[in-house]
Amino acid sequence: MSTLRTPASTPRTTDPDWWRDAVVYQVYPRSFADSDGDGLGDLAGVTSRVPYLGSLGVDAIWLSPFFPSPLADGGYDVADYRDVDERLGTLTDFDELVRAAHEHDIRVIVDIVPNHTSDEHEWFRAALAAGPGSPERARYVFRDGSGPDGAEPPSDWVSNFGGSAWTRVPDGQWYLHLFAPEQPDLDWTNPEVRRDFEETLRFWSDRGVDGFRVDVAHGLAKDLSTPYRPSNEQALPLDGSDPLYDRDEVHDIFASWRRVLDEYDPPRAAVAEAWAPAPRRVLYARPTELGQAFNFDLLEAPFDAAAFRTIIERNLASSEQSGASSTWVLSNHDVVRHATRYGLPEGTDTDAWLMTDGTTPPLDRERGLRRARAATLLVLALPGSSYVYQGEELGLHEAAAIPRDLLQDPKWVRTGHTVKGRDGCRVPIPWTETGPSFGFGPVAPHLPQPADFGAWSVEAESGDETSTLSLYRAALAARRRLQRGESLVWTEGGADGVVAFARHDGWRSVTNFGPEPVPLPPGAVIVSSGPVADGVLPGETTVWLA
Ligand code: NOJ
């Protein structure tokens, strides 16, 4: 008899390798669909849109955190890892969502946030109450301060959101937080922390979850020996020598996670959010660890033929080395949407641009979208899995002019109001052409939407063959038919600035990154990101040929 654990709900198909070439759609639950009219998206809202996701043609959804949270960081401050925030629903709603997704043969990935809890997690409350030296404090990183009376932080480490990475508590000790002060870092050398997270993985796996996205996977192991060494995170060292990030000890944690994930049939998938250079990123993706790691290179790359080709080559080589499949990401909830990035002059500092409410330098919206469509179609032809961020299938631009008093991102406050942060890509998405929140829900949403959002709605784009939604639908349907194997062969593009490759059985993708038209290689057009006719491939356009 098998000793493997069987979950409450399973997808219709059983391929254990589904994740290797899946199209994964990222849902930011608070901004997807509001079913109960409180202005905040919820799980029942996601369930109501599962048929939409089914017809879009995605293989899986990744839910950003929906756990109880005081929302100091959009839900990445978790107060209870095994429950649903009451504003977003209940565990029964979660089970219903998983059941509905599985019925459409869509897998469900949940986001695990192991580097830090919320300061409202019962462990942190207990740590504050119990005082210095207690086992309760030993789950976190509490230290005495420096300076004669301990009034200075233990080290000069800075938080990712600005300011010191240490905060002092009333009894005089300091605790470490790589992010906001409301996100105290856990101490992963503590066996209780390890055991508890393994139980959380089982909790969600038992409920039918098919995989996990692991937040800040590269941050769990820290060198806390004294004297504290300065962190050189910005330089991303290649050798694991940073005291805070990407240290070798972290891999033992994920090896034990893999043993838990393998208790299930099929084994649960996992993808690491590990901001490490490619040669070290592959370590997280080994089959004995999480299995996949995000490759964020395209998030940081310009729309440029050489840049894309180099990144693709490098990542395919890395995944061959690790045994993982590659991952491709153009947008997510942490970066300016790719339609907008590509419509700004190359090298634009998007933080500074957002501070001008998106006016300076001016955004070329059409060009940005044209390029975004071309980049997406290229990426969808690559071997490996592709991550699609909610709303990119509508061609949404960043909402750059959110009034300052409505901003939610902790970066805004922590940087002394000099960086607006990530709210512009987290604005609730438009479903209908009109209505108080363009179909997001019955009332005004928790973040204001741009006035022209109705024109970009699912309703407006559904009937339009030339819309971005129609492009995604056509591309995902064709990909589902065509995608197999994990190799590509570069082919002659026929002109500078053209990136062309062949997959198998004659399936080819050709992207003209340049502004001028080039001759279209021979073949039947399967799908194209813009109009192709008369043997011509226009500028900033991708075509799939057979
Ligand atoms: C990465 C998440 O994607 C981001 O949204 C969050 O702020 C940090 N991790 C901290 O959890």
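Structure: see above.
Note that the coordinates shown come from a computational prediction; the quantities given were computed from them, not determined experimentally.

Enquirer: Pulling in residues and values, what's your account of the packing of aromatic side chains?
Expert: In the structure shown here, the tally under the stated rule is 33 aromatic pairs. Measuring from ring centre to ring centre gives 5.4 Å for Phe-66 and Trp-204, while their planes differ by 90°; the resulting arrangement is edge-to-face. With Phe-66 in the loop between strand 2 (60-63) and helix 3 (91-103) and Trp-204 in helix 5 (residues 191-206), this pair connects stretches of sequence that are 138 residues apart. Within the aromatic cluster, the residues linked to one another by ring pairs are Tyr-81, Trp-188, Phe-197, Phe-254, Trp-257 and Tyr-284. The positively charged end of Arg-309 is found above the aromatic ring belonging to Trp-490, 4.4 Å away from the centroid.

Enquirer: Which residues make up the site of the ligand, and what values do they have?
Expert: The local shell around the ligand holds 13 residues, among which Asp-73, Asp-215, His-333, Asp-334 and Arg-422 are the closest. A distance of 3.0 Å separates an oxygen atom of the ligand from a polar side-chain atom of His-116. Here an oxygen atom of the ligand and a side-chain polar atom of Asp-215 are 2.7 Å apart. If the ligand stood free it would expose 300 Å²; the protein chains cover 97% of that surface. Per-class residue counts for the shell around the ligand are 4 nonpolar, 2 polar and 7 charged.

Enquirer: I'd like to hear about the packing of helix 5 against helix 6 (residues 250-261), residue by residue, with values.
Expert: The contact between helix 5 and helix 6 brings their axes to 10 Å, and the two run at 35°. Crossing angle aside, the handedness with which helix 5 passes helix 6 is right-handed. Residue-level inspection shows Arg-194, Phe-197, Glu-198, Leu-201 and Arg-202 of helix 5 in contact with helix 6, the latter providing Asp-252, Ile-253, Ser-256, Trp-257, Val-260 and Leu-261. Tallied by class, the residues present in the contact of helix 5 with helix 6 amount to 6 nonpolar, 1 polar and 4 charged.

Enquirer: Tell me about the side chain of His-102, and name the residues and values.
Expert: Looking at the element boundaries, His-102 is found in helix 3. Looking at His-102, the relative accessible area reads 2%, which means it is buried. Side-chain polar atoms of His-102 contact the side chain of Asp-210, separated by 2.7 Å. Ignoring anything within four residues of it in the chain, the contact list for His-102 reads Ser-9, Thr-10, Pro-11, Arg-12, Arg-107, Val-108, Gly-208 and Asp-210.

Enquirer: Can you tell me about the sheet that holds strand 10 (residues 327-329), naming the residues and giving the values?
Expert: Spatially, 9-8-7-3-2-1-11-10 is the arrangement adopted by the 8 strands of the open sheet, whose pairing is parallel. The sheet is open, and its two borders are formed by strand 9 (291-293) and strand 10, each paired with just one other strand. Going from strand to strand, the sheet's axes swing by 25° on average, the running direction of each strand aside. Strand direction decides the pairing type here: strand 10 and strand 11 (residues 385-389), joined by 3 bridges, are parallel.

Enquirer: Please give an account of unusual backbone geometry that cites residues and values.
Expert: Going from Asp-265 to Pro-266, the amide bond is cis rather than trans, its omega being 0°. Along the chain, the position of Pro-266 falls in the loop between helix 6 and strand 8 (269-272). The amide bond that connects Thr-360 to the next residue, Pro-361, takes the cis arrangement and shows omega of -5°. Take Pro-361: it is sitting in the loop between helix 10 (350-355) and helix 11 (365-380). The phi angle at Asp-534 is positive, at roughly 55°, despite the residue not being glycine. Looking at where Asp-534 falls in the secondary structure, it is placed in the loop between strand 16 (525-528) and strand 17 (536-537).

Enquirer: Hey, could you go over the pattern of salt bridges for me, with residue numbers and the actual values?
Expert: Scanning the entire structure with this criterion turns up 40 salt bridges. Asp-357 serves as the salt-bridge partner of Arg-404, at 3.0 Å between the closest nitrogen and oxygen. Remark: Asp-357 occurs in the loop between helix 10 and helix 11 and Arg-404 occurs in the loop between strand 11 and helix 12 (410-414); sequence separation between them is 47 residues. On the basis of relative accessible area, Asp-357 is assigned to the partly exposed category, the value being 31%. Of the charged contacts, one joins Asp-452 and Arg-365 as a salt bridge, the two residues approaching to 3.5 Å between their closest N and O atoms. Of this pair, Asp-452 sits in the loop between helix 12 and helix 13 (458-462) while Arg-365 is found in helix 11, placing the two residues 87 residues apart along the sequence. Relative accessible area serves as the criterion here: at 37%, Asp-452 is assigned to the partly exposed category. A relative accessible area of 37% places Arg-365 in the partly exposed class. One continuous salt-bridge network, built from bridges that share partners, spans Asp-73, Asp-334, Asp-409, Arg-422 and Arg-426.

Enquirer: Tell me about the sheet that holds strand 5 (residues 166-168), and name the residues and values.
Expert: A sheet is described by the order of its strands in space; here 3 strands give the open sequence 4-6-5, paired in antiparallel fashion. Of all strands in the sheet, those with a lone pairing partner are strand 4 (142-143) and strand 5, marking the two edges. Of the strand pairs in this sheet, strand 4 and strand 6 (residues 174-176) are connected by 2 bridges, and their pairing is antiparallel. When the sheet's bridge partners are listed, Phe-142 is paired in strand 6 with Tyr-175.

Enquirer: Pulling in residues and values, what's your account of helix 8 (residues 305-322)?
Expert: Along its 18 residues, helix 8 runs 26 Å from first to last C-alpha, staying within 8% of the 26 Å computed at 1.5 Å per residue. Listed as buried for helix 8 are Ala-305, Ala-307, Phe-308, Ile-311, Ile-312, Asn-315, Leu-316, Ser-318, Ser-319 and Ser-322. The inward-facing, buried residues of helix 8 contact helix 7 (278-284), strand 10, helix 11, strand 12 (489-491) and strand 13 (498-502). Sitting at the amino-terminal end of helix 8 is Asp-304, which places a side-chain oxygen 3.2 Å from the backbone nitrogen of Ala-306. Directly beyond the C-terminal end of helix 8, a positive phi value near 90° is found at Gly-323.

Enquirer: Kindly report on the packing of helix 11 against helix 14 (residues 468-482), identifying the contributing residues and their values.
Expert: Interaxial distance between helix 11 and helix 14 falls to 10 Å at its minimum, and their mutual angle equals 10°. Comparing their axes, helix 14 and helix 11 come out roughly parallel. Listed contacts from helix 14 to Leu-369, Arg-373, Thr-376, Leu-377, Val-379 and Leu-380 of helix 11 are Thr-468, Leu-471, Tyr-472, Ala-475, Leu-476 and Arg-479. Per-class residue counts for the contact of helix 11 with helix 14 are 8 nonpolar, 2 polar and 2 charged.

Enquirer: Explain the nonpolar core to me, and be specific about the residues and the numbers.
Expert: Grouped burial of nonpolar side chains is what soluble globular proteins tend to show. Grouped together as the largest cluster of nonpolar side chains are 132 residues, with contacts concentrated most on Tyr-25, Ile-61, Leu-63, Phe-66, Phe-94, Phe-254 and Trp-257. Residues within four places of Leu-63 in sequence aside, it is in contact with Val-27, Val-46, Phe-94, Leu-97, Val-108, Ile-109, Val-110 and Asp-111. Counting residues in hydrophobic clusters, the runner-up holds 15 residues, among them Trp-157, Trp-174, Leu-224 and Tyr-245.

Enquirer: Which residues make up helix 5, and what values do they have?
Expert: Taking 1.5 Å of rise per residue, the 16 residues of helix 5 would be expected to cover 22 Å, and the 23 Å separating its terminal C-alpha atoms lies within 8% of that figure. Lining the buried residues of helix 5 we find helix 3, strand 3 (107-112), helix 4 (122-130), strand 7 (211-214) and helix 6. Backbone geometry just after helix 5 places Gly-208 at a positive phi near 105°.

What counts as what
- Residues numbered from 1 in each chain as written.
- Predicted model: local features only at pLDDT ≥ 70, side-chain atom pairs only at ≥ 80, totals over all residues.
- Heavy atoms only, no water.
- Phe/Tyr/Trp six-rings, centres within 6.5 Å; stacked < 30°, edge-to-face > 60°.
- Helix = DSSP H or I, 4+ residues; strand = E, 2+ residues; numbered from the N terminus.
- Lys NZ or Arg CZ within 6 Å of the ring centre and 35° of its normal.
- Near = heavy atom within 4 Å.
- Polar contact = N/O pair within 3.5 Å; in protein donor to acceptor, adjacent residues only side chain to side chain.
- Areas by Shrake-Rupley, 256 points an atom, 1.4 Å probe, with all protein chains shown as cover.
- Nonpolar A, V, L, I, M, F, W, Y, C, P; charged D, E, K, R; others polar.
- Axes fitted to C-alpha atoms, helices over the stretch in contact; angles between N-to-C directions.
- Left-handed = near helix turned anticlockwise from the far one by under 90°.
- Contact = heavy atoms within 4.5 Å.
- Buried < 20%, exposed > 50% of the residue type's maximum accessible area, 1.4 Å probe, protein only.
- Pairing = 2+ DSSP bridges.
- Salt bridge = Lys/Arg side-chain N within 4 Å of Asp/Glu carboxyl O.
- Expected span 1.5 Å × (residues − 1).
- Parallel < 35°, antiparallel > 145°, perpendicular 65-115°, else oblique.
- Core = buried A, V, L, I, M, F, W, Y, C linked by side-chain atoms within 4.5 Å.

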